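Here is how the chains run, residue by residue.
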Amino acid sequence: MNLIELQQYTISEEFLRAEGILKQFDHCPYCESTRITRIRRSKHKCYECRKEWGPRRGSILEGLRVPLSRVLIAIKLFELDTSVRESAHQLGLSYNTVYDLFDLFRKSIIRTDNDTSFTLSGEIEMDESYFGGKRKGNRGRGAAGKIPVFGILERGGKVRVEVVQNVTGETLLTMAIKKVKRGSLIYTDKFRSYNGLISYGFRHMRIDHGKRFVNGKVYINGIEGFWSFAKERLMKYHSVNPRKFPLYLKELEFRYNHRHHDLYDDLVKCISEYSRVASIQ
Ligand SMILES: [Zn+2]
């Protein structure tokens, strides 16, 4: 959905309700009575217990100080990768409110797009990379203060990335077994943690960074492309709180995997799905 299409939803509350982001009420959330009615704009009232409630009741937007009429625009600003500061300015909201809202969008992504039920297959590229840390010179495997991330990319398909505790063979092989179909052809570099892929039923080709282009298909440019995509975007945030880093990483995985889609529609789907999951608990 682009900005012009978005314009038609001047009553975004109805859109939010249709998408399941706001709840539809057929009974009172306090006493379960079905003798309820709509009063004043979007408020409901129960004839039984006399209680009233607003449209956010029981939804993921409950407690957020964002007017419902600005939620759809906020999703658009998030889609366009607008900073929290600039979005707050555009929406006429406080920095903290927009920060919380964007956090909610990221949680929706991590909770609903992290579909572990499907596995990657075919031609696979695997690699690890390091994020964060202030010192430039101290790069490479096991660099202090940096967060190791393991990535698996299916050529012509999706990428899966995960923060890992370490980059031992055991850690990386466990992830490979979980996410990649046996028999797939896996390309890695010469790092020794990838020893053992063959004994778990994968086919394995190693690239030699020195002469990668000599060997035709033997390269890991796909996953390396993802690393530079991710690092370039994370640069914008200067320093991401390490505790929040997995949220940002999953957002980037989502953006990369949905780069050929309408990101807005996919985001709405995630937020709607998250609303459903969150209200079940
Ligand atoms: Zn009631």
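Our structure's up above, just so we're on the same page.
In short, a report on the structure. (Residues numbered from 1 in each chain as written. Predicted model: local features only at pLDDT ≥ 70, side-chain atom pairs only at ≥ 80, totals over all residues. Heavy atoms only, no water.)

Digging into the side chain of E125
So the rule is basically this: Put simply, DSSP H or I for four residues or longer makes a helix, DSSP E for two residues or longer makes a strand, and each gets a number counted from the N terminus. For every residue, the accessible area obtained with a 1.4 Å probe (protein chains only) is divided by the maximum for its type, and the residue is called buried under 20%, exposed over 50%, and partly exposed between those limits. Any pair of N or O atoms that falls within 3.5 Å is considered a polar contact. Within protein, one atom must be able to donate a hydrogen and the other to accept it, and sequence-neighbouring residues count only if both atoms are side-chain atoms. By definition in these notes, contact holds between two residues if any of their heavy atoms fall within 4.5 Å.
Position of E125 among the secondary structure elements: in strand 4 (residues 123-131). A relative accessible area of 1% means that E125 is categorised as buried. A polar contact of 2.7 Å, which involves the side chain of E125, links it to the side chain of R155. At 3.0 Å, the side chain of E125 forms a polar contact with the backbone nitrogen of I223. For E125, the contacting residues outside a window of four places in its chain are G151, I152, L153, R155, Y187, Y219, I220, N221, G222 and I223.

A word on unusual backbone geometry
Even without a glycine there, the phi angle at E32 is positive, about 70°. Mapped onto the elements, E32 comes out in the loop between helix 2 (12-18) and strand 1 (36-39). You can call E32 exposed: its relative accessible area is 54%. Even without glycine at this site, R50 takes up a positive phi of about 70°. Here R50 is to be found in the loop between strand 2 (43-46) and strand 3 (52-53).

Some thoughts on the packing of helix 5 (residues 95-112) against helix 8 (residues 245-257)
Two packed helices can be described by the angle between their axes and the distance between those axes. Filter applied, for reference: In this description, a line fitted to the C-alpha atoms serves as the axis of each element, helices being fitted only across the stretch in contact, and the angle between N-to-C directions of two axes falls anywhere from 0 to 180 degrees. Under this scheme an angle from 65 to 115 degrees is roughly perpendicular, one under 35 degrees roughly parallel, and one over 145 degrees roughly antiparallel; angles in between are oblique. Handedness of a crossing follows from how the near helix is turned relative to the far one, being left-handed for an anticlockwise turn of less than a right angle and right-handed for a clockwise one. Each residue is assigned to one of three groups, with Ala, Val, Leu, Ile, Met, Phe, Trp, Tyr, Cys and Pro labelled nonpolar, Asp, Glu, Lys and Arg labelled charged, and all others, Gly among them, labelled polar.
Between helix 5 and helix 8, the shortest axis-to-axis distance is 9 Å and the interhelical angle comes to 65°. Comparing the axis directions of helix 5 and helix 8 gives the class roughly perpendicular. For the element pair helix 5 and helix 8, the recorded crossing hand is left-handed. Judged by residue contacts, D103, R106, K107, I109 and I110 of helix 5 engage P246, L247, Y248, K250, E251 and F254 from helix 8. Looking at the contact of helix 5 with helix 8, its residues break down into six nonpolar, no polar and five charged.

Brief notes about the coordination of the zinc ion
Six octahedral donors at a metal ideally form angles of 90 or 180 degrees, and four tetrahedral donors ideally form angles of 109.5 degrees. Note the cut-off: For Na, K and Ca the donor cutoff is 3.2 Å, while for all other metals N, O and S atoms must lie within 2.8 Å; water is not among the atoms, so some sites may look incomplete. Geometry is assigned from donor-metal-donor angles: four donors are tetrahedral when every angle falls between 85 and 135 degrees, four are square planar and six octahedral when opposite donors sit over 155 degrees apart with all other angles between 65 and 115, and any other arrangement is irregular.
All of the protein donors around the zinc ion are C28 (SG), C31 (SG), C46 (SG) and C49 (SG); their distances to the metal are 2.3 to 2.4 Å. What the four donor atoms of the zinc ion show is an angle range of 103 to 116° at the metal, which sorts the shape as tetrahedral.

Brief notes about the pairing of strand 2
Rules: Note: two strands are recorded as paired if DSSP finds a minimum of 2 bridges between them.
Burial of the side chains of strand 2 is restricted to one face: H44 and C46 are buried, whereas none of K43 and K45 on the reverse face is. Pairing analysis gives four bridges linking strand 1 to strand 2, with the strands arranged antiparallel. Each bridged residue has a counterpart across the sheet, and for T37 the counterpart in strand 2 is K45. Counted along the chain from strand 1 to the antiparallel partner strand 2, the turn is three residues long, and its residue R40 has a positive phi close to 25°.

Comments concerning helix 6 (residues 169-179)
How we decide: By arc we mean the arc of the directions from the helix axis to the C-beta atoms, nothing more.
For helix 6, the complete set of buried residues consists of L172, L173, M175, A176 and K179. For helix 6, the angular spread of the buried residues around the axis is 160°, confining them to a single face. Turned more than 90 degrees off the buried face of helix 6, the exposed positions are E170 and K178.

With respect to the sheet that holds strand 1
Pairing is antiparallel in the open sheet, where three strands are placed in the order 1-2-3. For this open sheet the edge positions go to strand 1 and strand 3, each flanked by a neighbour on one side alone. Where strand 2 meets strand 3, two bridges bridge the pair, whose relative direction is antiparallel. Its bridge partner lying in strand 3, H44 is registered against W53.

Points about the sheet that holds strand 5 (residues 147-154)
Spatially, the five strands line up as an open sheet ordered 6-5-4-7-8, and their pairing is mixed. Looking at strand neighbours, the two that pair on one side only are strand 6 (159-163) and strand 8 (203-206), the edges of this open sheet. When strand polarity is set aside, the average angle formed by the axes of neighbouring strands in this sheet is 25°. Bridge count between strand 4 and strand 7 (residues 185-188): three bridges; the pairing is parallel. The residue of strand 7 that forms the bridge with E123 is L185. Against the sheet, helix 6 engages strand 4, strand 5 and strand 6, with an angle of about 35° to strand 5. Set on the sheet, helix 7 (residues 221-235) makes contact with strand 4, strand 5 and strand 6; between it and strand 4 the angle comes to about 30°.

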